[in-house]
Amino acid sequence: MTKIIAFNRNRRIVTADTEQEARASSVKLRRQGGAPVVSMLAAGAGTQAPAVGIAASIVVPSKGRPQLLNRCLASLVMQQFDTARFEIIVVDDGPSDDTRDVVAGWAAQAAENGLQVTYIPSMGPHGPAAARNHGWRAARGAIIAFTDDDTVARPDWLKNGVLAFASGVHAVCGSVVMPLEGTPTDYEKDAKNLETAEFVTANCFCLKKVLEDLGGFDERFRFAWREDSDLHFRLIDYGANIVREPKAVMMHPIRPAQWGVSLQQVKKVQFDALLYKKHPSLYRRRIRAKPRWDFYLTVGALLTTLAATPAGAVGTAIVSGTVWTFMTGRFCLQRLSKTSKAPSHVLEMLVTSILIPPLAVFWRAVGAFKFRVGFL
């Protein structure tokens, strides 16, 4: 029988040993705004192990990707680590039976070896930042290991990450490997940059005490974008000792993407404004040294052309139209450099290179307005 463990706003533990009581608890918590925690244990597995026995807790946010989550959990339950000394917590940011079933299946199998796998359905707020907060706050380990549901951990990932916590270490960054064969698309080339990122939640470890001091992730970052940079910058301001452990390797296969995927990604740039507002100096030093003047010039030329043409200002329209054509072509060629020259990809780059600059400027303006910051 599945045991239900739910936390209300006051963090009191509520248990229900029957499915009827579990549903009642869940409904009550939804009304209160809480997030019930469903601990998937094999029938007869008994109560939870004492908290003192847990050295590390792995937190995995997920939403609507049960197949990827299944692959991820397959690698996490096989870690070369004492199963009584770590736990896995999956936070379902869009609660579904499919995700819960995947977690339940691995929980039943893992329980045979003394490993606990916990499922937390997030009732909100939503987003990867909030989901990770649900996870680490329910964790019992002194070290919190973060990853994503589309990763595959090497068997010694957790061991090497935990061993890196020598005296005085507050956080550890592992290595991310994104296998890629052949000539990449623009999307694949951009995704592969994750390998060289300073600090990513696809593979990082942090003391729970430090997360408590910092208040965890800023839940205003509603998309999977810049929430890890924000935590990184706050760790720096905190004076944390952050070390790199290249032997803590997390594989991150690049997922297939639909045509024009870059247009969907552009809206994430609004959260650059929030990051800039919170950490202007670090943002300029580590994210982007200068504003996107190329985009602003491109959009300015486009607007001038659109205004000058019907007004009969032929000379102005020709000049501004030439500038727009040059800047758009330049941007398209930059994206095609060292990427696939397949006809469909070339067409995609042409179309999206026309649309991205105005969309990026729009979403930057949205971010500046939403977060009340002068951001370019």
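1. As for the packing of helix α2 (residues 66-76) against helix α3 (residues 97-111)
And step 1. Where α2 meets α3, the closest approach of the two axes is 9 Å, and the angle between their N-to-C directions is 20 degrees. The angle between α2 and α3 places the two elements in the roughly parallel class. The interaxial crossing formed by α2 with α3 has right-handed handedness. Facing α2, whose interface residues are Pro66, Leu69, Asn70, Leu73 and Ala74, α3 presents Asp98, Thr99, Val102, Val103 and Trp106.

2. Description of the environment of Thr352
And step 1. Structurally, Thr352 is set in helix α14 (residues 343-370).
And step 2. Residues Thr352 and Gly260 lie 92 residues apart in sequence; the distance between their C-alpha atoms is 6.6 Å.
And step 3. What Thr352 contacts, discounting residues up to four positions off in sequence, is Gly260, Ser262, Leu263, Arg335 and Pro357.

3. Let's talk about unusual backbone geometry
And step 1. Here the residue pair Gly124 and Pro125 is connected by a cis peptide bond, since its omega of -5 degrees sits within 30 degrees of zero.
And step 2. Inspection of the secondary structure assignment puts Pro125 in the loop between β6 (116-121) and α4 (128-138).
And step 3. The phi dihedral of Lys338 is positive, around 60 degrees, even though this residue is not glycine.
And step 4. Summarising the element assignment, Lys338 is placed in the loop between α13 (314-336) and α14.
And step 5. The exposed category is assigned to Lys338, whose relative accessible area is 69%.

4. Things to note about the packing of aromatic side chains
And step 1. Under the definition given, this model contains 12 aromatic pairs.
And step 2. Centre to centre, the rings of Phe81 and Phe86 are 5.7 Å apart; their planes meet at 90 degrees, and the pair counts as edge-to-face. Pair check on accessibility: Phe81 and Phe86 agree, each one buried.
And step 3. Where Phe221 meets Phe271, the ring centres are 6.1 Å apart and the plane angle is 40 degrees; that geometry is what we call tilted. Here the residue Phe221 occupies a position in the loop between α7 (208-214) and α8 (227-238), and Phe271 occupies one in helix α10 (residues 270-278), the gap between them amounting to 50 residues.
And step 4. One aromatic cluster in this structure is built from Phe221, Phe223, Phe271 and Phe371.
And step 5. In this arrangement the basic side chain of Arg132 is found over the ring face of Phe217, its NZ or CZ atom lying 5.8 Å from the centre.
And step 6. Here the basic side chain of Arg372 rests over the ring of Phe369, its NZ or CZ set 4.7 Å away from the ring centre.

5. Things to note about the confidence of the model for the protein
And step 1. Put simply, the protein has an average pLDDT of 89, and 86% of its residues get 70 or more.
And step 2. Scored below 50 in pLDDT, residues 40-52 makes 22 contacts in the model with residues more than four places away or belonging to other chains.

6. Some remarks on the pattern of salt bridges
And step 1. Per the stated rule, a full pass over the model turns up 17 salt bridges.
And step 2. Residue Lys278 pairs with Asp230 through a salt bridge whose shortest N-O separation is 3.0 Å. Here Lys278 is found in helix α10, whereas its partner Asp230 is found in helix α8, with 48 residues between them in sequence.
And step 3. With a relative accessible area of 0%, Asp230 lands in the buried category.
And step 4. One network of salt bridges, in which partners are shared, links Asp218, Arg220, Asp230, Arg234 and Lys278.

7. Examining α2
And step 1. Regarding α2, the residues found buried are Leu69, Cys72, Leu73, Ser75 and Leu76. Take α2 and look down its axis: the buried residues cluster within an arc of 155 degrees, on one side only.

8. Details of the pairing of strand β4 (residues 56-62)
And step 1. Burial within β4 is extensive, with 7 of its 7 residues counted as buried.
And step 2. Every second residue of β4 is oriented toward a common face, with Ala56, Ile58, Val60 and Ser62 on one face and Ser57, Val59 and Pro61 on the other, all of them buried.
And step 3. As defined by bridge partners, β4 adjoins strand β5 (residues 86-92) across 7 bridges and the pair is classed as parallel. Residue pairing across strands places Pro61 opposite Val91, the latter belonging to β5.
And step 4. Handedness of the β-α-β unit built from β4, α2 and β5 comes out right-handed.
And step 5. Pairing analysis gives 4 bridges linking β4 to strand β7 (residues 143-146), with the strands arranged parallel. Paired with Val59 across the strands is Phe146, a residue of β7.

9. Topic: a nonpolar patch on the surface
And step 1. Among the surface-exposed residues, Trp259, Leu347, Leu350, Ile354 and Leu355 lie close enough to one another that they form a single nonpolar patch of about 450 Å² accessible area.
And step 2. Tracing the sequence through the fold places Leu347 in helix α14.

The rules behind each value
- Residues numbered from 1 in each chain as written.
- Predicted model: local features only at pLDDT ≥ 70, side-chain atom pairs only at ≥ 80, totals over all residues.
- Heavy atoms only, no water.
- Axes fitted to C-alpha atoms, helices over the stretch in contact; angles between N-to-C directions.
- Helix = DSSP H or I, 4+ residues; strand = E, 2+ residues; numbered from the N terminus.
- Parallel < 35°, antiparallel > 145°, perpendicular 65-115°, else oblique.
- Left-handed = near helix turned anticlockwise from the far one by under 90°.
- Contact = heavy atoms within 4.5 Å.
- Buried < 20%, exposed > 50% of the residue type's maximum accessible area, 1.4 Å probe, protein only.
- Phe/Tyr/Trp six-rings, centres within 6.5 Å; stacked < 30°, edge-to-face > 60°.
- Lys NZ or Arg CZ within 6 Å of the ring centre and 35° of its normal.
- pLDDT = per-residue confidence, 0-100.
- Salt bridge = Lys/Arg side-chain N within 4 Å of Asp/Glu carboxyl O.
- Arc of directions from axis to C-beta.
- Pairing = 2+ DSSP bridges.
- Right-handed = clockwise from strand over helix to strand, strands pointing away.
- Patch = residues over 30% accessible without salt bridge, like charges linked within 9 Å, V, L, I, M, F, W, Y side chains within 5 Å.
- Areas by Shrake-Rupley, 256 points an atom, 1.4 Å probe, with all protein chains shown as cover.

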